[in-house]
Amino acid sequence: MDETDFRFMDFKEIVENLIVRDNSPSIPEAIERLFNDIANINRDSMAEMQDAQVEEMAVNLWNWAVTKRVGSVISEEQKAKLRHVACKLVCMCEGSTASEDAIRRQILMNMKTGKGWVDVGNAMMADGFFQAAMVGLEQLYCKLMQRASTEADITLQKSAMERDLFKVVSYQAEAAIALGDFQRASSCSLRCKDMLIRLPKMTGYLHILCYNFGIEAYKQNKYDESSFWLSQSYDIGKMDKNTIGPEMLAKVLRLLATAYLDWNDREYCDKALHAVNLANKEHLNPAGIFLKMKILLKSETANEELHEAVMEILHLDMSLDFCLNVAKLLMDHEREFVGFDLMKIICERFKSSEDIGKALLLHIDMLLQRKEELLAKEKIEEIIIGHRRGRKLKPELVSCFHNILWQKAARSFEVQNYAEALNWYHYSLRFYAIDKTDLDLAKLQRNMASCYLHLKQLDKAKASVREAERRDPTNIFTQFYIFKIAVLEQNSTRALRAINTLEKLITGVVPKENALRMDKDSPVTLLSLVAQFALENGQQIVAGKALEYLAQYSEDPQQVLSALKCLFRLALPKVSQMSESESRKKEMDRLLACLNKAVLKIAHSFHDENSTEGSTVNEAQWFRKIAWNLAVQCDKDPVTMREFFILSYKLSQFCPSDQVILIAQKTCLLMAAAVDLEQGRKASTTSEQTQLLNRALEEINECKHIWNILKETGNFSGDPCETLLLLYEFEVKAKMNDPLLDSFLESLWELPHLESKTFETIALLAVEKPAHYPSIALKALNRALLLYKKKQSIDAVKYSKCVRNLINLLVPDGVPSTELCPPEEIWGYFEDALSFISHTEDYPESETLWLMVKSWNIGIYMYGGKKYVSAEKWCDLSLRFLDHLGSLKRNYETQMNTLYGELVEALSKSKGSVFNKE
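Position numbers for residues start from 1 in each chain and track the written sequence from start to end. Two thresholds apply to this predicted model, a pLDDT of at least 70 for residue-level local features and 80 or more for giving and counting side-chain atom pairs, whereas whole-chain, interface and lining totals are computed over all residues. Just so you know, side-chain values use all the structure's heavy atoms and leave hydrogens and water out.

A few points about the side chain of Ser 800
Here comes step 1: Looking at the element boundaries, Ser 800 is found in helix 37 (residues 796-810).
Here comes step 2: Here a residue-residue contact requires only that any non-hydrogen atoms of the pair lie within 4.5 Å. Dropping the residues within four chain positions of it, Ser 800 is found in contact with Tyr 843, Pro 844 and Glu 847. Segments assigned H or I by DSSP are reported as helices when at least four residues long, segments assigned E as strands when at least two residues long, and all are numbered from the N terminus.

Put into structure tokens, the structure is as follows:
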């Protein structure tokens, strides 16, 4: 049979197949089917089966669930479900005509099924079966009475039935407890208690049942219910002292007393005391005696009565530990008079005991807690002297002794009584000199050094620290005190060495066994104290190093940011006064690394739900301005300047995007892009240049986005940002040979607000290597000249430079570029320049001279190419430029005329028609 077969079987088939199986993965599924189906099955639905068959099927199912060891296959709850099904099947048979044996079987099955449901926590389901069992008991009683013949027979039958009735009622009590029905549970238990006269053997069972109920109620803080159950348990237990011993009765009474005590009402203290006295009479036990003391203390018993109770304890010859616990209890309740008196008696009574050290230490601790310091010191001296004379403390008590002394010293230190703290530490040191046991002597020396430092006793502090260093040189606190002394002695070198040692401890350079956990006492936190101490004592360089390490290793974002802010406040005045040097470069690199750390921590805080938004914004604003100011100071180091501007931009992203922030972001990105473009021009390899240009393009695109937002916040008509972005983008696209360059220029040519200077710059960029777009340069220069001419007042100097750039483009190296422009157009540009010169007096004479020489050289070039007509034409043009020279004309006139005459003579001697040589 496959494990899925159960799904296709009817109820009878499932039962028949289930009981022949010992183990199958489908068993839980079959049990669930049976349990769900039984609610819809009655005797009529199984009419084809005889009662005997149904009963046999039920009994087999019951036995399979009970007797088969299938605990690994089915759970207790599944067993309860099988019993449930079997019991329901049995109860369908015979009805009112059932035999006595059938009724007995039904009673038993109902009882066990109900108990099974109680045990798995379903008391609601159990109740129905217990009621069915009660009905069955009534039926059985009637039948037995009808056939009973003698009085003895009736008594025998009643006795048997009462045992079953007792069980059912006790089970009902358990179910009621599970359902939280105290009234019903108590009613059932009292009914069972009444039956004990006839069923004395059930006394122990009911006694334990009530005790368990009491424990459960106590755990739930139901002290009234708990006291009821425990009282019942005690009363029932007294009924059979032969089987229930006095130890158990005393245990019940102690718990009853505890319930009264925890009820937290003064009126129950008397009841608690009565219960514990009964317990101690039943069976004297240390727990009972101790509980009695607790009750007496809570009821605010007078010291005289407490003293009598203590004397009773001493007469009982209790152990040392027990007596000490009583003494601690008295002191905890501020009954010092009785407590100290008890301690004196204990110390005297147990003075020969090997455990007397416990009493002595407790006595000292009590005296110190009550500020009886003189008496405590006497006891301490007794211990030290006794230890020296052979009355040694046990090893486990030695550490306890030192701990008491150190705790007292620490309390004195906290209230700034450093001399008193030293006294307590000296006791510990004296004892160590005798005992030589395992003591953290380095820590003791460090603690003493701290006291000496506060008392301004530097030499003694140095001596203690030297001893601590000898014993534990890699301890962070040892290094901390080495550092403090170095700072106080103005020894920066040694102070820095101690800080570097702390840094090694953090990074694990020190062997692992000496490394410390990164907790609140770790080197990271100690670095904060180091920095603070250095600042308080004017050691700024030392403080800076400590702050740098603190920012590097701390995992607390706020601590890191605070350290960095302090570090920048120290470093900025110094770096601003440094001249350009390798030292300044190193300092700038260090500050750059610190700012990168700040960006990371602010980003962490920004996304941390526990951080406040306002605090994060304030931090970002502060560091943004620092990055900006450092960028401005790096005008001679553009690469570093760019890094600071980028960090300022990143930090601004954590700030609200108001106009101020948007302007700052725009400027940062423009400056970064400008630096990347400049570095790209200097790049030694193509790959490096491409990387820089791509990075610049990213910055340009981000800046364009910010610029578009910024323009909506106000009037920025005078801002050159848009023009710069156009030039930057054009440079990137031109140098990267972008296929979309033409479409980019189409929109650029149509922009109305561009000036001549912009077009001149485009022209220069268009032919700056590796870009080579002379046609774009020509078009740009033409537009520049056109814009110059459109102005009412033309700037002749700027105009002349634009003309020179244009002619240099068209006539590189004195040779006209006919590929770029026809000769006639080149001639036209010279004619335009001459016309402009003739109509203005501001044209620079040097530029006129340059045009004269340029046109003459073209003529000579034409002559060399036997283009005589053109040669004469260009030389004649040169003479026309000569006519517009001022003071320089006299220097060139004679020479130019002579050269021109020689040229004409040469032309006339040429063979053939000059005009045919063109």
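What follows continues from the structure just given.
Some points on unusual backbone geometry
Here comes step 1: The step from Lys 769 to Pro 770 runs through a cis peptide bond, and the omega angle for that step is 5°.
Here comes step 2: Among the secondary structure elements, Pro 770 is positioned in the loop between helix 35 (756-766) and helix 36 (774-790).
Here comes step 3: The residue Lys 866 is not glycine, and still its phi comes out positive at about 65°.
Here comes step 4: One can find Lys 866 in the loop between helix 39 (845-864) and helix 40 (868-882).

Let's talk about the domain arrangement of the protein
Accessible area lost on assembly of the parts is the figure often given for the size of an interface.
Here comes step 1: These domain limits were set by an automatic method or by a database of domain assignments. Along its sequence, the protein is organised into domain 1 (1-93), domain 2 (668-793) and domain 3 (829-917).
Here comes step 2: Once you take the C-alpha centre of each, domain 2 and domain 3 turn out to be 38 Å apart.

Some points on the packing of helix 21 (residues 441-454) against helix 23 (residues 476-488)
A pair of packed helices can be characterised by two numbers: the angle between their axes and the separation between those axes.
Here comes step 1: Axis lines are fitted through C-alpha atoms, for helices just across the contact stretch, and the angle between N-to-C directions can take any value from 0 to 180 degrees. Interhelical geometry of helix 21 versus helix 23 gives an angle of 25° and a closest axis separation of 10 Å. Compared by their axis directions, helix 21 and helix 23 come out roughly parallel. Judged by the twist between their axes, the crossing of helix 21 over helix 23 is left-handed. Between helix 21 and helix 23, the residues in contact are Arg 446, Ser 450 and Leu 453 and Phe 477, Thr 478, Tyr 481, Lys 484, Ile 485 and Leu 488, respectively.
Here comes step 2: For this classification, Asp, Glu, Lys and Arg are treated as charged, while Ala, Val, Leu, Ile, Met, Phe, Trp, Tyr, Cys and Pro are nonpolar and the rest, including Gly, are polar. Residues belonging to the contact of helix 21 with helix 23 are distributed by class as follows: 5 nonpolar, 2 polar and 2 charged. Angles below 35 degrees are treated as roughly parallel, those above 145 as roughly antiparallel, those between 65 and 115 as roughly perpendicular, and all remaining angles as oblique. Helix crossings get a hand from a simple test, with the near helix turned counterclockwise from the far one by less than a right angle marking a left-handed crossing and a clockwise turn marking a right-handed one.

Side note on a positive patch on the surface
Here comes step 1: Together, Lys 112, Arg 163, Lys 167 and Lys 201 give the surface a local cluster of positive charge.
Here comes step 2: Along the chain, Lys 112 falls in helix 5 (residues 100-119).
Here comes step 3: Relative accessibility decides the category of a residue: with a 1.4 Å probe and only protein chains considered, values under 20% of the type maximum give buried, values over 50% give exposed, and everything between is partly exposed. A relative accessible area of 40% means that Lys 112 is categorised as partly exposed. Patches here: salt-bridge-free residues with over 30% relative accessible area, like charges joined within 9 Å, nonpolar side chains (Val, Leu, Ile, Met, Phe, Trp, Tyr) joined within 5 Å. Computed with the Shrake-Rupley method and a 1.4 Å probe, the accessible areas treat only the protein chains shown as cover for residues. By convention in these notes, a salt bridge is any Lys or Arg side-chain nitrogen within 4 Å of a carboxyl oxygen on Asp or Glu. Only four residue types enter the charge count: Lys and Arg as positive, Asp and Glu as negative, with His and the chain ends excluded. For the purpose of locating charges, the reference atoms are NZ of Lys, CZ of Arg, CG of Asp and CD of Glu.

Concerning the state of the cysteines
Here comes step 1: Whenever a pair of cysteine sulfur atoms sits within 2.5 Å, that pair is classed as a disulfide. Following the criterion strictly, the structure yields 0 disulfides and no others.
Here comes step 2: Cysteine Cys 188 remains unbridged, with the sulfur of Cys 192 as its closest cysteine sulfur at 6.9 Å.
Here comes step 3: Judged by relative accessible area, Cys 188 falls into the buried class, the value being 8%.

Comments concerning the side chain of Thr 478
Here comes step 1: Among the secondary structure elements, Thr 478 is positioned in helix 23.
Here comes step 2: Judged by its relative accessible area of 1%, Thr 478 falls in the buried class.
Here comes step 3: If sequence neighbours within four positions are ignored, Thr 478 has contacts with Arg 446, Ala 468, Glu 469 and Asp 472.

Things to note about the nonpolar core
Here comes step 1: Among the nonpolar cores identified, the biggest contains 145 residues, and Met 293, Ile 346, Phe 401 and Phe 483 are the most heavily contacted of them.
Here comes step 2: The contact partners of Phe 483, leaving out residues within four places of it in the chain, are Ala 495, Ala 498, Ile 499, Val 530, Phe 533, Ala 534 and Val 542.
Here comes step 3: For our purposes a nonpolar core is just a set of buried Ala, Val, Leu, Ile, Met, Phe, Trp, Tyr and Cys residues, chained together by side-chain atoms within 4.5 Å. Membership of the second largest hydrophobic core comes to 69 residues, among which are Leu 34, Ala 58, Ala 86 and Leu 144.

A short note on the environment of Glu 678
Here comes step 1: Structurally, Glu 678 can be placed in helix 31 (residues 659-682).
Here comes step 2: On the accessibility criterion, Glu 678 (31% relative accessible area) is partly exposed.

Re the packing of aromatic side chains
Here comes step 1: Aromatic contacts are taken between Phe, Tyr and Trp rings whose centres are within 6.5 Å, Trp giving its six-membered ring; a plane angle under 30 degrees counts as stacked, one over 60 as edge-to-face, and the others as tilted. Under the definition given, this model contains 34 aromatic pairs.
Here comes step 2: Geometrically, the ring pair formed by Phe 228 and Trp 229 is edge-to-face, given 5.0 Å between the ring centres and 75° between the ring planes.
Here comes step 3: Classification of Trp 229 as buried rests on a relative accessible area of 0%.
Here comes step 4: Ring geometry for Phe 568 and Phe 623: centres 6.1 Å apart, planes at 70°, overall edge-to-face. With Phe 568 in helix 27 (residues 557-576) and Phe 623 in helix 29 (residues 613-632), this pair connects stretches of sequence that are 55 residues apart. For the pair Phe 568 and Phe 623, one class covers both residues: buried.
Here comes step 5: Lysine and arginine charges are scored as sitting over a ring when NZ or CZ, respectively, is within 6 Å of the ring centre and within 35 degrees of the ring normal. For the cation-ring pair, Arg 83 lies above Trp 62, with the distance from its terminal atom to the ring centre recorded as 5.6 Å.

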